[in-house]
Amino acid sequence: MSEATREIQSKLSYFTAWTAAESSTVGEAYTALVRELRKVAGGAMREAWRATPITEDQAMNIPPTVIDLSSLLPLETAFTDAVRAHLAALAPWWAR
């Protein structure tokens, strides 16, 4: 689990740097999204370690009441809007 988490963190760092190099606006929006995602995921992981171990298969599904991703929606929208604006500036015919 630790190795998988390290690999994910590495990829997030790579794409954070890449998006910032492409566009500071897109990079800032992506960084904000990733920062909030790390906060939500980190909290969920801490709570999972504290929880009683799962003993039945049906308990493997994690309902949205356990992990609240709603704080990501405005940041996801901001990132998507930034990407659209960046692409429209690069290729105006794309935005049509």
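Residues numbered from 1 in each chain as written. Predicted model: local features only at pLDDT ≥ 70, side-chain atom pairs only at ≥ 80, totals over all residues. Heavy atoms only, no water.

**Here we look at the packing of helix α2 (residues 24-50) against helix α3 (residues 73-90)**
Now for step 1: It is the contact of α2 with α3, at a shortest axis distance of 9 Å, that shows an interaxial angle of 160°. Taken together, the axis directions place α2 and α3 in an arrangement best described as roughly antiparallel. In terms of crossing hand, the pair formed by α2 and α3 is left-handed. Listed contacts from α3 to T25, V26, A29, Y30, A32, L33 and E36 of α2 are L75, E76, A78, F79, A82, V83 and H86.
Now for step 2: The residue inventory of the contact of α2 with α3, partitioned by class, reads 10 nonpolar, 2 polar and 2 charged. (Axes fitted to C-alpha atoms, helices over the stretch in contact; angles between N-to-C directions. Helix = DSSP H or I, 4+ residues; strand = E, 2+ residues; numbered from the N terminus. Parallel < 35°, antiparallel > 145°, perpendicular 65-115°, else oblique. Left-handed = near helix turned anticlockwise from the far one by under 90°. Contact = heavy atoms within 4.5 Å. Nonpolar A, V, L, I, M, F, W, Y, C, P; charged D, E, K, R; others polar.)

**Concerning the pattern of salt bridges**
Opposite charge on two side chains lets them pair, provided their charged atoms get close.
Now for step 1: The full count for this structure, using the stated rule, is 4 salt bridges.
Now for step 2: Its salt-bridge partner being E7, residue K11 comes within 3.4 Å of it at the nearest N-O pair. Note that K11 and E7 are positioned in helix α1 (residues 2-22) at a spacing of 4 residues, about one turn of the helix.
Now for step 3: For K11, a relative accessible area of 47% corresponds to the partly exposed category.
Now for step 4: A residue is classified by how much of its surface remains accessible, and E7, at 43% relative accessible area, is partly exposed. (Salt bridge = Lys/Arg side-chain N within 4 Å of Asp/Glu carboxyl O. Buried < 20%, exposed > 50% of the residue type's maximum accessible area, 1.4 Å probe, protein only.)

**Digging into the packing of aromatic side chains**
Now for step 1: Counted by the stated rule, this structure contains 4 aromatic pairs.
Now for step 2: On the basis of an interplanar angle of 50° and a centroid distance of 5.3 Å, the ring pair of Y30 and F79 is categorised as tilted. Of this pair, Y30 sits in helix α2 while F79 is found in helix α3, placing the two residues 49 residues apart along the sequence. Residues Y30 and F79 agree in their burial class; the two are buried.
Now for step 3: A network of ring pairs unites the aromatic residues Y14, F15 and W18 as a single cluster. (Phe/Tyr/Trp six-rings, centres within 6.5 Å; stacked < 30°, edge-to-face > 60°.)

**Observations regarding the layout of surface pockets**
Now for step 1: Approximately 520 Å³ is the volume found for the largest pocket.
Now for step 2: What lines the largest pocket is a set of 17 residues, and nearest its centre among them are A44, A48, W49, I54 and I62.
Now for step 3: For the lining of the largest pocket, the class distribution of residues is 14 nonpolar, 2 polar and 1 charged.
Now for step 4: In this structure, the second largest pocket spans a volume of roughly 260 Å³.
Now for step 5: If you trace the second largest pocket, you find it lined by M1, A4, T5, I8, Q9, L12, L37, R38, A41, G42 and M45.
Now for step 6: Looking at the lining of the second largest pocket, the elements that each hand over two or more residues are α1 and α2.
Now for step 7: Considering only residue class, the lining of the second largest pocket consists of 7 nonpolar, 3 polar and 1 charged. (1 Å grid on protein atoms, 1.4 Å probe; cavity = no way out; pocket = protein on both sides within 12 Å on 5 of 7 lines; lining within 4 Å. Points joined across faces, edges and corners; volume = space filled by probe spheres on them.)

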